[in-house]
Amino acid sequence: MDDEEARTRLLDAAEALFYAEGIQAVGMDRVRTESGVPLKRLYRLFPAKEALVAAYLDRRDRRWTASLRAAVDGAPDPVAAVFDWLAAWFSEPDFRGCAFLNAHGELGAGPEGVLDVVRRHKAELRTLLGGLTDSPTAADHLLILVEGATAVATLTPGPEPAHRAAELAALLPTRHP
């Protein structure tokens, strides 16, 4: 196994474990066991748990944002497409809310490398939503609706929180056609 395969296996295991069970609940030895990567290589690739968590979140950010962007690009009503995409995500059997807010909730004000990824993800989401509106205020409203729907769906999984948020988003006065 080369370093690229080891890195992928470690990130796959970290993502599955951290998202399902929480960052603090899962130790590096558990990630090593689940990935099948020797401990020495794990620590060579990720010298500290913070580095592994930041890499997991960074990779998740790229995939999550690309998937959402693909859903809205070219959609007849891109704002509605956001909430359709959320409804599908909230209905996935392993849905456990926003990985970024979960990480922030667990880790609080530290470690800085992880918080940088969380902040960047939320800024990218705000920028994506801003491209769907005629107004910075409407973009902020959309962000609040997306985040609120995600929080509600964490407690009551399924498409309904996204549908309710979509109803409110449809009331925003400054949307692109």
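*Asks:* Just to check I follow, could you spell out helix α7 (residues 112-130) for this structure?
*Replies:* Every α-helix carries 3.6 residues per turn, so stepping three or four residues along brings you back to the same face. The first and last C-alpha atoms of α7 sit 26 Å apart over 19 residues, in line with the 27 Å expected at 1.5 Å per residue. Looking at the buried positions of α7, the neighbouring elements they touch are α4 (49-72), α5 (78-90), α6 (99-107) and α8 (136-155).

*Asks:* What am I meant to see in the packing of aromatic side chains here?
*Replies:* The description of an aromatic ring pair rests on the distance of the ring centres and on the angle between the ring planes. Counting across every chain of the model gives seven aromatic pairs. Considering the side-chain rings of W64 and W85, the 4.9 Å spacing of their centres and the 90 degrees angle between planes classify their relative orientation as edge-to-face. Residue W64 is found in helix α4, and its partner W85 is found in helix α5; the two are separated by 21 residues along the sequence. With respect to burial, W64 and W85 carry one shared label: buried. Seen in terms of ring centroids, W89 and F95 are 4.9 Å apart; in terms of plane orientation they differ by 90 degrees. Their pairing is edge-to-face. In this pair, the class of W89 matches that of F95, namely buried. By way of ring pairs, the aromatic residues W64, W85, W89, F90 and F95 are connected into one cluster. Cation over ring: R60 sits above Y19, and NZ or CZ is 4.1 Å from the ring centre.

*Asks:* Is there a simple way to think about the nonpolar core in this case?
*Replies:* As a rule of thumb, nonpolar side chains are buried together in soluble globular proteins. Formed by 56 residues in total, the largest nonpolar core has its most connected members in F18, V31, L57, V82, F83, L86 and L129. Broken down by secondary-structure element, the contributors of at least two residues to this core are α1 (3-21), α2 (28-35), α4, α5, α6, α7, α8 and α9 (160-169).

*Asks:* Help me understand α8 in this model?
*Replies:* Under the 1.5 Å per step criterion, the end-to-end length of α8 is 29 Å for 20 residues, consistent within 8% with the ideal 28 Å. Turning to α8, its buried residues number three or more, namely A138, A139, L142, L143, L145, V146, E147, A149, T150 and A153. Looking at the buried side of α8, the elements it contacts are α5, α6, α7 and α9.

*Asks:* Would you take a moment to explain the pattern of salt bridges for this structure?
*Replies:* Opposite charge on two side chains allows them to pair when their charged atoms are near. Taken as a whole, this structure holds 18 salt bridges when the rule is applied. A salt bridge links D3 to R41, with the shortest nitrogen-to-oxygen separation between them at 3.3 Å. With D3 in helix α1 and R41 in helix α3 (residues 39-45), this pair connects stretches of sequence that are 38 residues apart. Relative accessible area serves as the criterion here: at 32%, D3 is assigned to the partly exposed category. The closest approach of N and O atoms between R44 and D3, which form a salt bridge, is 2.9 Å. Note that R44 is positioned in helix α3 and D3 in helix α1, a separation of 41 residues in sequence. The structure contains a network of salt bridges with shared partners spanning D12, E15, R59, R60 and R63.

About the criteria used
Residues numbered from 1 in each chain as written. Predicted model: local features only at pLDDT ≥ 70, side-chain atom pairs only at ≥ 80, totals over all residues. Heavy atoms only, no water. Helix = DSSP H or I, 4+ residues; strand = E, 2+ residues; numbered from the N terminus. Expected span 1.5 Å × (residues − 1). Contact = heavy atoms within 4.5 Å. Phe/Tyr/Trp six-rings, centres within 6.5 Å; stacked < 30°, edge-to-face > 60°. Buried < 20%, exposed > 50% of the residue type's maximum accessible area, 1.4 Å probe, protein only. Lys NZ or Arg CZ within 6 Å of the ring centre and 35° of its normal. Core = buried A, V, L, I, M, F, W, Y, C linked by side-chain atoms within 4.5 Å. Salt bridge = Lys/Arg side-chain N within 4 Å of Asp/Glu carboxyl O.

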